[in-house]
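Structural features, examined
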Amino acid sequence: MSEQQGGVSSGPGALFAIGGAEDKLKKRTVLQEFVEAAGGSKARIVVVPTASALGPDVVDVYHALFAALGAESVVGVRPETREDADDPAFIEPLHNATGVFMTGGNQLKLAGVVTGTAFGRAVTAAHARGAAVGGTSAGASILAEHMIAFGRAGATPRQRMSQLSGGLGLVQGAIVDQHFAQRNRYGRLLSLVAQSPGLLGIGVDEDTAAVVRGSHLEVVGRGAVTIFDGSRITSNAHYAKRSEPILASGVVLHVLPATATFDLQARVLLSYGPQPPAEEIAELQAAERDLQKLAKEIAAEGVSPKYYADRKRRAGRRTSKRPAAAGESRPEATEPITAGAELDHPDLPAPRSDNGSA
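Residues numbered from 1 in each chain as written. Predicted model: local features only at pLDDT ≥ 70, side-chain atom pairs only at ≥ 80, totals over all residues. Heavy atoms only, no water.

1. Some details on helix α8 (residues 186-195)
Counting buried positions over the 10 residues of α8 gives 8, a clear majority of the element. Buried residues of α8: Gly187, Arg188, Leu189, Leu190, Ser191, Leu192, Val193 and Ala194, and no others. (Buried < 20%, exposed > 50% of the residue type's maximum accessible area, 1.4 Å probe, protein only. Helix = DSSP H or I, 4+ residues; strand = E, 2+ residues; numbered from the N terminus.)

2. With respect to the sheet that holds strand β16 (residues 261-263)
Sheet architecture is open: 9 strands sit in the order β3-β2-β4-β5-β1-β10-β11-β16-β17, paired in mixed fashion. If you trace the sheet from one side to the other, it starts and ends with β3 (73-76) and β17 (268-271), each paired once. Each strand axis lies, on average, 20 degrees off the axis of its neighbour in the sheet, ignoring direction. As paired strands, strand β10 (residues 208-213) and strand β11 (residues 216-221) are joined by 6 bridges and run antiparallel to one another. For Val212, the partnering residue across the bridge sits in β11 and is Leu217. Seen against the sheet, helix α1 (residues 29-37) touches β1 (15-18), β2 (44-48), β4 (99-102), β5 (132-136), β10 and β11 and runs at an angle of roughly 165 degrees to β1. (Pairing = 2+ DSSP bridges. Axes fitted to C-alpha atoms, helices over the stretch in contact; angles between N-to-C directions. Contact = heavy atoms within 4.5 Å.)

3. Details of the packing of α1 against helix α2 (residues 57-68)
Packed helices, taken two at a time, are described by the angle between their axes plus the distance between the axes. Two elements in contact, α1 and α2, have axes separated by 10 Å at closest approach and are oriented at 70 degrees. Between α1 and α2, the crossing angle belongs to the class labelled roughly perpendicular. Of α2, the residues touching α1 (which contributes Leu31, Phe34 and Val35) are Tyr62, Leu65 and Phe66. Of the residues assigned to the contact of α1 with α2, the class counts are 6 nonpolar, no polar and no charged. (Parallel < 35°, antiparallel > 145°, perpendicular 65-115°, else oblique. Nonpolar A, V, L, I, M, F, W, Y, C, P; charged D, E, K, R; others polar.)

4. Observations concerning the nonpolar core
With 45 residues, the main nonpolar core has Phe119, Val133, Ile202 and Leu217 as its most contacted residues. If sequence neighbours within four positions are ignored, Val133 has contacts with Ala14, Leu15, Phe16, Phe34, Val100, Met102, Val123, His127, Leu143 and Leu170. Of all hydrophobic cores here, the second largest spans 25 residues; its members include Ala38, Val59, Ala71 and Ala209. (Core = buried A, V, L, I, M, F, W, Y, C linked by side-chain atoms within 4.5 Å.)

5. Things to note about the packing of aromatic side chains
Taken as a whole and assessed by the stated rule, the structure comprises 8 aromatic pairs. For the pair Phe16 and Phe34, a centre-to-centre distance of 5.4 Å together with 90 degrees between the ring planes defines the contact as edge-to-face. Of this pair, Phe16 sits in strand β1 while Phe34 sits in helix α1, and the two are 18 residues apart along the sequence. The exposure class of Phe16 is buried, given its relative accessible area of 0%. On the basis of relative accessibility, which here comes to 0%, the residue Phe34 falls in the buried class. (Phe/Tyr/Trp six-rings, centres within 6.5 Å; stacked < 30°, edge-to-face > 60°.)

6. Observations concerning unusual backbone geometry
With phi around 55 degrees, Arg28 is a residue other than glycine that occupies positive phi space. Mapped onto the elements of the fold, Arg28 is located in the loop between β1 and α1. Positive phi, normally seen in glycine, also occurs at His179, with a value near 50 degrees. Relative to the assigned elements, His179 resides in the loop between β8 (174-177) and α8. You can call His179 buried: its relative accessible area is 6%.

7. Looking at the sheet that holds strand β15 (residues 252-257)
Taken in spatial order, the 4 strands line up as β8-β9-β12-β15 in an open sheet, and their pairing is mixed. The open sheet has two edge strands with one neighbour each: β8 and β15. Each strand axis lies, on average, 15 degrees off the axis of its neighbour in the sheet, ignoring direction. Where β8 and strand β9 (residues 200-204) come together, 4 bridges link them in parallel fashion. Directly across from Ala174, in β9, lies its bridge partner Leu200. Each of β8, β9 and β12 (224-229) is contacted by α8, which is oriented at about 165 degrees to β9, the strand it contacts most.

8. So, the environment of Val123
Here Val123 lies in helix α6 (residues 118-128). C-alpha separation for the pair Val123 and Leu94, spaced 29 residues apart in sequence, amounts to 6.9 Å. Setting aside residues up to four positions removed in sequence, Val123 forms contacts with Leu94, Val100, Val133 and Leu168.

Here it is in structure tokens:
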């Protein structure tokens, strides 16, 4: 369901941190989700290619993609300097946008042009009134309060492995990294968490989005979102020198595939897998309770059908051999025997369950 309907919103819009290289040719799952969050057929999307080294072609590509996915309008706005980012002509298209999409490219350039300018404040205001704001690669990193400007790849966290710059602050208390598994960026994100344990490290794979609504993060796309929680970390980051490996013990790791949801404030997994509607969940829970009750009733009998058959056969042999006393009625061999009835024959084996265990 879309967040926007003709510009009317019930609160802040969704945030899409896309790990880069999103599918543009086949299913286009991530981009389709963004268009839906921006209003679907009523979406008015502003593409911001400031980080990209490509020319007008990058806007043309996203214009064609978003139009094909049903957006009402798509325009490109490209501030190249901080002067541009304070120019009302560049800011005007953001006022009516239901979606703002920032492309990949040079992360430090994007931060240097957009953050702390009227353009950056207009993006934040658009999000507050309900517009979906997203970005791929560099455009994903700038969504956080602190963004990775650049850094080295590698699995081992090391001192001076990366550098931070200011972001838009739409995702609070976190650092977002992208192309995460594909470019082996575990070490650089973990090094930043070791240096700033109060921040969650969020690494997003390619063709994958971490979609944030309020404090909840949902994973969409082909890959996974990796989260490092260093709130209980033990680290030597405060005295490790130069490019030495950094101690990072006690970090909680979450690897979240598509459909998983995570609470960014409580730092806990909320759900994973397709979730049925609430009424279906209630029906399933009621059916499960009935099944558990039935299972207990069956287990209370404590015997198998074979045991009942054996008891009937033994009872038949006893009654056929013993003469009836005066006034005593003799049961037939086919007369049912109640569950749990005790036999008077001392050599009768103990009841056995269906699986053969006593």
